[in-house]
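The lines below spell out each chain.
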Amino acid sequence: MYANTTSIFVFGHGVGYTVEKAVEAATTHSDENGARKRKPFASGHKGAKETHMGMTIAQKILKAHLVDGEMVLGQEIGLKIDQTLTQDATGTMAYLQFEAMGVDQVKTERSVAYIDHNTLQSGFENADDHKYIGSVAKKHGIYYSKAGNGICHQVHLERFGAPGKTLIGSDSHTPTGGGIGMLSFGAGGLDVAVAMGGGAYYITMPKMTRINLHGALSPWVSAKDIILEVLRIMSVKGGVGKIIEYGGDGVKTLSVPERATITNMGTELGATTSVFPSDEVTKAFLAAQGREQDWVEVKADDDAVYDEVIDIDLSTLEPLAAMPHMPDNVKKVSEIGEIKIDQVCIGSCTNSSYEDITRAASIARQALENGVEIKTPLMVVPGSTRIYDTLKRDGVLEVFEKLHATVLATACGPCIGQWKRTIGNLKGDKTPNSIIESFNRNFAGRNDGNPLTNAFLASPEMVMAMAIKGDLTFNPLEGTVRTAKGTNMKLAAPVGQELPAKGFVSDIKGCVIPDFEKIEIKVSPTAERIRLLEPFPAWDGKDFTALPLLIKAKGKCTTDHISPGGKWLPYRGNIDRISDNLLERAVNAFNGVSGKVWNTDTNAYDTPAKVARHYRNNNIASVIVGDDNYGEGSSREHAAMEPRYLNVRVVLAKSLARIHESNLKKQGILALTFVNPADYDKIQEKDRISVLNLNTLAPNSRVVIELTHENGTKERFEAKHSYNEKQLSWFRAGSALNALKA
């Protein structure tokens, strides 16, 4: 029975807090109209005489890992974490914080440090960073996946992920693990550091959303189209405060790589996480990886109760694509229209499996065998060494190479801006250009640093078909391509293999098992790449008065806007250096451009980073004002640490993205939202902003915002927050790390 009635991360307990408070089941009640509605969980106990209903997949895993709190909707719960992962763009800061905690050895079942983001070796910086992470891993018992071993989520799915386990990672696409029935969360680096030290991971008990998949996919339609359809239905905010759980008879038709594609991009919904059942399909996948012993069945009870139910008939779906510059800006491929493509990219943690690449290769092979010219430059990125070596053994990579495609190293590459673009329109060219890719995000400037690049998202096979034709008017379901013989040929539907006929290559290396060597981690005080952390100052107990506005951001302001990647990635371990990119891509609401904000102290415009640094150097605190869903996207905590380092004390927005709000709280920034979103319009460029009544700050309280306009007039309105007592202690201490060490 499925009832259709239509998180905030906080600091954990110390090592040894392992009391499990389990909840035995969900219950329902009838409202005055007789409709069955979800009743909040009550703490279970033996001998309870209540009538209990079944549990969802997520509820079962949460119950098994519950160490603090009760599973009541909207209340905070603490979870035991089995595994953690980091990647090198966020991992350095996570390990700097872990080192500051003074824990000798990780307390998880498995923690893995992946090198997959900063792999473009244009200098010594990235190599230095990797050496630091490798040393920390060796010392503290962390598995170390070296550069070239693969993309963290793909490798973790292959080698370490396990059904029924919990995983948090300092990367927002960690929910990829949900494809094998694992409850996996993207989190900030400090969350991961705490979990490695044995502390609980806290979330607000989310709602449960069930998406029933019915039937089977038609030719040319893939898992990428399923998640794009879900994004079209729910939007990039529709998953906030929810765990998305997939079920229905259509699930058994999907392979593990297909399921992982869906849970990976569930992040773009703003969801807490996404999860599939663990079934015989999962068992076969793990067996192919040599890990059949890790399989357990994980499924929802037949009478589980959900807050929301969505039904999708897979047979009715058509090939879809996300239009620039958001993943939920979805259209049917047949409706896009005439747009020339300048570059095609296949890969990323979303679509780099053996099955993904072989599906694309089945299209490429048709072109090769029939002398069809490829009109667009093509890049292919296998997801792991195991996949790369297996594709090479099976002759798949040779197909792409004969079409003059560039097969890149097994790493994130262009998806996160590690792309020195040398073909198509180059960065700095003012002519708009278009690329189509099988990635998960298409924010402006994300891939090549050029905000004029229009990025489209689609499945690997659709991306390959577009490369052949060279423009987005092509619909392979109906259109044809010209062969070398001058005939028109319709491409046959793609065919891929989840599990290679000869098995996966088993002789793989690249992951270093830790030996707990007692080594001293040294960081030079003059190093540009890595800098040890210094505590942020504690709150002085006073109201914030007459603070200047750093920026009033207009429209979408993702973590890519707040702390861009690309050329800045080598400096993720140096908070001072990377703060020079603060709000580089954010659009100023008062002039409609990026990189130009007003300095109330010098009465001149400059970049947000330079203005913020001027304020910091002159002991002036400032305020950031954001639009709707401020801080969506990546889990990068630099988007919270940088403003804190440059003395931003308040972020006030119409709404805040889940992980970013958590990161702001942990770094000691006061994270607020408008009670009335229309008050956003009252804020003027040269205002002085005061935040009053901070001495009475408490859970569920409100604060008063007072604006002093340039002409001396004043306006007041209220703002709200979502802090609990523990989170307020972080604010008062200056940061969560300060509170931990107090």
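Being a predicted model, the structure only gives us computed values, none of them experimental.

Asker: Run through the nonpolar core, naming residues and quoting values.
Answerer: Counting 111 residues, the largest nonpolar core has Leu62, Leu583, Leu670 and Ile705 as its most contacted members. Of all the elements, helix H5 (residues 189-196) adds the most residues to this core, at 6 residues. Excluding anything up to four places from it in sequence, Ile705 contacts Leu652, Leu672, Ile689, Ser690, Val691, Glu715, Arg716, Phe717 and Ala719. Judged by nonpolar contacts, the second largest core, of 43 residues, contains Ala321, Val333, Val380 and Ile468.

Asker: Which residues make up the packing of aromatic side chains, and what are the values?
Answerer: Going through the model one piece at a time under the given rule, you end up with 9 aromatic pairs. Each ring, one from Phe185 and one from Tyr201, has its centre 5.5 Å from the other, and the planes form 55 degrees; the classification is tilted. Here Phe185, found in strand E9 (residues 183-186), pairs with Tyr201, found in strand E10 (residues 201-204); they are 16 residues apart in sequence, far enough to count as distant. Just as Phe185 is buried, Tyr201 falls in that class too. Taking the centre distance of 6.0 Å and the plane angle of 80 degrees together, the rings of Tyr354 and Phe504 count as edge-to-face. Of this pair, Tyr354 sits in helix H9 (residues 354-369) while Phe504 is found in the loop between strand E23 (488-489) and strand E24 (511-512), placing the two residues 150 residues apart along the sequence. By relative accessible area, which is 13% here, Phe504 ends up buried. One aromatic cluster is present, built from ring pairs that chain together Trp539, Phe544 and Phe731. If you follow Lys596 out to its NZ or CZ, it ends over the ring of Tyr605, 5.3 Å from the centre.

Asker: Tell me about the pattern of salt bridges, and please be specific about residues and values.
Answerer: Using the criterion set out here, one finds 27 salt bridges in the structure. Ionic pairing is found between Lys726 and Glu76, a salt bridge with its closest N-O pair at 3.0 Å. Of this pair, Lys726 sits in helix H18 (residues 725-733) while Glu76 sits in strand E4 (residues 76-79); the two residues are 650 residues apart in sequence, bridging distant segments of the chain. Residue classification places Glu76 among the partly exposed residues on the basis of a relative accessible area of 24%. The residue Glu229 makes a salt bridge to Arg232 at a minimum N-O spacing of 2.8 Å. In this pair, Glu229 and Arg232 are both assigned in helix H6 (residues 223-234), 3 residues apart and thus about one turn of the helix distant. Residue class for Arg232 comes out partly exposed when judged on its relative accessible area of 45%.

Asker: Break down the pairing of strand E21 (residues 453-457) for me, citing the residues and quoting the values.
Answerer: Burial of E21 is extensive: 4 of the 5 residues sit out of reach of the surface. As defined by bridge partners, strand E20 (residues 433-437) adjoins E21 across 5 bridges and the pair is classed as parallel. Looking at E21, one finds that Ser434 is bridged to Asn454.

Asker: Which residues make up the pairing of strand E11 (residues 207-214), and what values do they have?
Answerer: Along E11, 6 of the 8 residues are buried, which leaves the element largely enclosed by surrounding structure. Of the strand pairs in this sheet, E11 and strand E12 (residues 242-247) are connected by 6 bridges, and their pairing is parallel. The residue bridging Arg210 from the neighbouring strand is Glu245, located in E12. Where E11 meets strand E14 (residues 308-313), 6 bridges bridge the pair, whose relative direction is parallel. Counterpart to Leu213 in the pairing with E14 is Ile312.

Analysis parameters
Residues numbered from 1 in each chain as written. Predicted model: local features only at pLDDT ≥ 70, side-chain atom pairs only at ≥ 80, totals over all residues. Heavy atoms only, no water. Core = buried A, V, L, I, M, F, W, Y, C linked by side-chain atoms within 4.5 Å. Buried < 20%, exposed > 50% of the residue type's maximum accessible area, 1.4 Å probe, protein only. Helix = DSSP H or I, 4+ residues; strand = E, 2+ residues; numbered from the N terminus. Contact = heavy atoms within 4.5 Å. Phe/Tyr/Trp six-rings, centres within 6.5 Å; stacked < 30°, edge-to-face > 60°. Lys NZ or Arg CZ within 6 Å of the ring centre and 35° of its normal. Salt bridge = Lys/Arg side-chain N within 4 Å of Asp/Glu carboxyl O. Pairing = 2+ DSSP bridges.

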